[in-house]
Amino acid sequence: MRFNSRHIEHYSQHGYVVVENFLTADELGKAHEEIDRLIPGWLEYAHNPNKPKPDHFRDPPRTRRDNRFPFAGEQLNAITLHPDLREFAAINAGHDDLVCEQADLAYKYQGHRADREQLMHLDYTNHTLVYPTIDRQYWQTAYLIYYTDVDEGLAPTAVCSWQHYKDELLWPTSYEKHKRASLYENEVKVIVPAGSVLAYSMRTFHRGTAFKRAGARIGEFVTYAPSGCPWLGIVGWAEQGVHQSFQDWVETATVEERSLLGFPAPGDAYWNSEALAGAAARFPGMDLRPYQLI
Ligand SMILES: [Fe+2]
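Residues numbered from 1 in each chain as written. Predicted model: local features only at pLDDT ≥ 70, side-chain atom pairs only at ≥ 80, totals over all residues.

Asks: I would appreciate a short explanation of the overall build of the protein chain in the present structure.
Replies: Helix and strand counts for the protein chain come out as nine helices and 10 strands. Taking 19 Å as the expected radius of gyration for a compact globule of 294 residues, we find that the protein chain reaches 20 Å, a close match to that expectation. With the C-alpha coordinates of the protein chain rotated into their principal frame, the extents come out at 60 × 50 × 35 Å. When the 294 residues of the protein chain are sorted by exposure, 37% land in the buried category. Of the contacts made within the protein chain by residues no fewer than 6 positions apart, 83% connect residues no fewer than 24 positions apart. (Helix = DSSP H or I, 4+ residues; strand = E, 2+ residues; numbered from the N terminus. Rg over C-alpha atoms; globule rule 2.2 N^0.38 Å. Buried ≥ 20, exposed ≤ 12 C-beta atoms within 10 Å, placed from the backbone. Contact = placed C-beta atoms within 7 Å.)

Asks: Mind showing me how you'd approach unusual backbone geometry here?
Replies: Phi is mostly negative for residues that are not glycine, and the peptide bonds are mostly trans. Following F69, the chain continues to P70 via a peptide bond in cis, the omega torsion being -5 degrees. The topology assignment puts P70 in the loop between α3 (42–47) and α4 (75–80). Residue P172 is reached from W171 by a cis peptide bond, and omega for that bond is 5 degrees. Secondary-structure assignment places P172 in the loop between β5 (157–160) and β6 (174–175). If you check the backbone angles, A155 has positive phi at about 55 degrees while not being a glycine. With respect to the secondary-structure elements, A155 resides in the loop between β4 (141–146) and β5.

Asks: What am I meant to see in the nonpolar core here?
Replies: Side chains that are nonpolar tend, in soluble globular proteins, to be buried together. Residues W42, C100, Y143, I145, L198, A199 and I218 are the most contacted members of the largest nonpolar core, which totals 70 residues. Among the elements that take part in this core, strand β2 (residues 98–109) stands out by supplying seven residues, more than any other. The residues touching C100, leaving out its near neighbours within four places in the chain, are T80, L81, V222, Y224, L260 and L261. (Core = buried A, V, L, I, M, F, W, Y, C linked by C-beta atoms within 7 Å.)

Asks: Explanation requested: the sheet that holds strand β10 (residues 216–226) in the structure shown.
Replies: Strand pairing in a sheet takes place through backbone hydrogen bonds and is either antiparallel or parallel in direction. Strand order across the open sheet formed by five strands is β1-β8-β4-β10-β2, with antiparallel pairing between neighbours. Edge positions in the sheet fall to β1 (17–19) and β2, since each has one partner strand and no second. Across the sheet, the axes of successive neighbouring strands diverge by a mean angle of 20 degrees, strand direction being ignored. Two strands pair when backbone bridges link them, and β4 and strand β8 (residues 197–201) are joined in this way by five bridges, in the antiparallel orientation. (Pairing = 2+ DSSP bridges. Axes fitted to C-alpha atoms, helices over the stretch in contact; angles between N-to-C directions.)

Asks: I tried to follow the pairing of β2 on my own but got confused; where do I start?
Replies: Where a strand is regular, its side chains alternate between the two sheet faces. Within β2, 10 of the 12 residues are buried, which leaves it mostly tucked inside the rest of the structure. Pairing of β2 with β10, which is carried by 11 bridges, proceeds in the antiparallel orientation. Counterpart to V99 in the pairing with β10 is A225.

Asks: Sorry if this is basic, but what is going on with the environment of P49 here?
Replies: Here P49 is to be found in the loop between α3 and α4. Residue classification places P49 among the partly exposed positions, given that 17 C-beta atoms sit within 10 Å. As for P49 and Q110, which are separated by 61 residues in sequence, their C-alpha atoms are 9.6 Å apart. The residues touching P49, leaving out its near neighbours within four places in the chain, are A214, G215 and A216.

Asks: How should the environment of T148 be read in this particular structure?
Replies: When you line up the elements, T148 lands in the loop between β4 and β5. Look at T148 and you get buried, because 22 C-beta atoms sit within 10 Å. With 71 residues separating them along the chain, T148 and G219 place their C-alpha atoms 7.3 Å apart. Apart from the residues within four sequence positions on either side, T148 is in contact with A46, A194, A216, R217 and I218.

Asks: Got a minute to help me understand the environment of A142 in this structure?
Replies: You can see A142 is positioned in strand β4. Of the residues examined, A142 has 24 C-beta atoms within 10 Å and is grouped as buried. For the pair A142 and F221, spaced 79 residues apart in the sequence, the C-alpha separation amounts to 7.3 Å. When neighbours within four sequence positions are excluded, A142 is seen to be in contact with D123, Y200, S201, M202 and T223.

Asks: What exactly am I supposed to notice about the pairing of β10 here?
Replies: Buried residues dominate β10, accounting for 10 of its 11 residues. Note: β4 against β10, six bridges, orientation antiparallel. Across the sheet, residue Y143 finds its bridge partner in β10, namely V222.

Spelled out as structure tokens, the structure:
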């Protein structure tokens, strides 16, 4: 388990924790190979910002869906559903009945439309229809995985411990600096090597900061939430079903991984003979034996 007791304690005290070098060198290297295929040129530019940016950098992705799980390849998908991300989310929620409700690649460079000083904010307005209650059984654990090095000049995420607002009702969800300077004065910048992870929550104030020099930052937002809560979650995964990467992933994923996306588990009342036949027709490469009726 890559979250140790010190990490768990820090998260419970402050609402966030940074785990440096969460990914192994092998995982990071394979992730880089996939990122290079998904967004050609970005890693190269991040490593050497003296080079000119490829022209297509100026084209925003057609939709956010293009940069969303399931990714073409295996490593980014495996990192997204990493058992330790799940286990840490389960510790926070007090149970293991979870789904992965977000997995988006996010990347920007100095001068990119996403390069700006964000306001201190909470993320829950697009992760729940309601309010992120303190009741831990509904706890959503958010992660930002960094695939490139982040230093002071490369737009580090800033995060403010909930020790500074812990007994408040969390509304509004963002503050300008002059309205609430303490959130900014107590912020901690997440300066980490590639392969590190920030874990935070829907009750944790944070913000993106602007680049101070030329460079790029590539990351991935991943969020886990309790299952069976239709008011939680930033996406419905079925919208990804039109992409080949979705088909490939469903056919090769484990039963546990499918369940993390909300796929009906073996033994679920959903599975009848027609549903099994339909799934077999749609996903011919999938091993449906675990879902067979007994
Ligand atoms: Fe945010």
